[in-house]
Amino acid sequence: MKSVTLSTLQAYKRAGETFSSLTAYDASFAHAAAAAGIEVLLVGDSLGMVLQGHTSTLPVTLDDICYHTRCVARAKGASMLMADLPFMSNATTERMLNDAAALMRAGAEIVKVEGEAWMAEGVRELTRRGVPVCAHLGLTPQTVHQLGGYKVQGRDAEQANAILADARALVEAGASIILLECVPASLGRAVTEALDVPVIGIGAGPDTDGQILVMHDILGVTHGRTPRFVKNYMTEAQDIAGAFSRFHEDVKARRFPTAEHSF
């Protein structure tokens, strides 16, 4: 597989072809995911929950993300590497620039930041300096306490319209990818159709340009309640490599997600 870049993902969107994404936190799993054909690897702040045992992503530090980004970068193969800006990286534009620079030096090829249209200035300044940005909308785990828990977002027309408007504003500011989490499938489709940039979904229905899941979830080692949008691929595979391959193949063939994994 040739190295996956933003141009690759944009070509997929134009062609109506989907792409797969998984979280990765170390070299061994990154190598296995890349070998299975996974196009985008995310060093997510989800590591706070699945690796460190926290109840949210908030305790994760920039140093944590940088460390795991360096690990994954050494074994990512042809996959594109995205890394999360941790909690409060979006506090000011200056902090976004500094934190994003640290992640890019660690090996990230695009940074992901949670927030809404108010982040436009920061996104604009990052892209001016050559830092590609993925804007994370919908359920944003870093604001879980403000949201009152891990709840589906955009269920009513007002919320849905706000998310769509935020997505448009952030793309206009320079965001190269939009990631939608836990929104109704109808909203996932509407945002995907409205934008020229790739849209990655997690619990956002079957019509987004790409699909992402947390690696631990598809391997069936989720702590606590399993989210509706998760599928345990270890029940269909003999080993981890097989689970990664089945996930990738299901996404490419649009067999995942189905209605049972959507809202």
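Only a predicted model underlies this, so the values are computations on that prediction, with no experimental measurement involved.

## Focus: the sheet that holds strand β3 (residues 80-84)
Sheet architecture is closed into a barrel: eight strands sit in the order β1-β2-β3-β4-β5-β6-β7-β8, paired in parallel fashion. Across this sheet, the average inter-strand angle for adjacent strands is 25°, counted without regard to direction. Pairing of strand β5 (residues 133-138) with strand β6 (residues 177-181) involves five bridges; the strand directions are parallel. Looking at β6, one finds that C134 is bridged to I177.

## As for the nonpolar core
Generally speaking, soluble globular proteins have nonpolar side chains that are buried together. Formed by 81 residues in total, the largest nonpolar core has its most connected members in I178, L180 and F247. Considering every element that reaches this core, the biggest residue donor is helix α8 (residues 157-173), with six residues. Contact partners of F247, with chain neighbours within four places excluded, come to S20, S21, L22, I38, Q211, L213, I218, Y233 and F256.

## Structural notes on the UniProt feature "active site" (unreviewed entry) in the protein
As recorded in UniProt, the sites labelled "active site" (unreviewed entry) are E181. Here E181 lies in strand β6. E181 sits in the buried class, given a relative accessible area of 11%. Apart from residues lying up to four places away in sequence, E181 is in contact with H136, L137, G138, L139, P141 and I202. A polar contact of 3.0 Å, which involves the side chain of E181, links it to the side chain of H136.

## Thoughts on the side chain of K112
Secondary-structure assignment places K112 in strand β4 (residues 110-114). We classify K112 as buried; its relative accessible area is 3%. Contacts of K112, omitting those with residues within four sequence positions, involve L42, M82, A83, D84, L85, C134, H136 and L179.

## Quick notes on the UniProt feature "binding site: 3-methyl-2-oxobutanoate" (unreviewed entry) in the protein
Per the UniProt record, the feature "binding site: 3-methyl-2-oxobutanoate" (unreviewed entry) sits at D45, S46, D84 and K112. A maximum C-alpha distance of 12.5 Å places the annotated residues, which cover 68 residues in sequence, within one compact spot. Its place among the elements puts S46 in the loop between β2 (40-43) and α3 (47-50). Here S46 is in contact with T23, Y25, T57 and V214, once residues within four sequence places are set aside. Along the chain, the position of D84 falls in strand β3. Judged by relative accessible area, D84 falls into the buried class, the value being 2%. Apart from the residues within four sequence positions on either side, D84 is in contact with L42, V43, G44, D45, I65, L103 and K112. Here the side chain of D84 touches D45 through a polar contact of 2.8 Å, landing on its backbone nitrogen.

Conventions we followed
Residues numbered from 1 in each chain as written. Predicted model: local features only at pLDDT ≥ 70, side-chain atom pairs only at ≥ 80, totals over all residues. Heavy atoms only, no water. Pairing = 2+ DSSP bridges. Helix = DSSP H or I, 4+ residues; strand = E, 2+ residues; numbered from the N terminus. Axes fitted to C-alpha atoms, helices over the stretch in contact; angles between N-to-C directions. Core = buried A, V, L, I, M, F, W, Y, C linked by side-chain atoms within 4.5 Å. Buried < 20%, exposed > 50% of the residue type's maximum accessible area, 1.4 Å probe, protein only. Contact = heavy atoms within 4.5 Å. UniProt positions renumbered as here; feature names shortened; annotations may be inferred. Polar contact = N/O pair within 3.5 Å; in protein donor to acceptor, adjacent residues only side chain to side chain.

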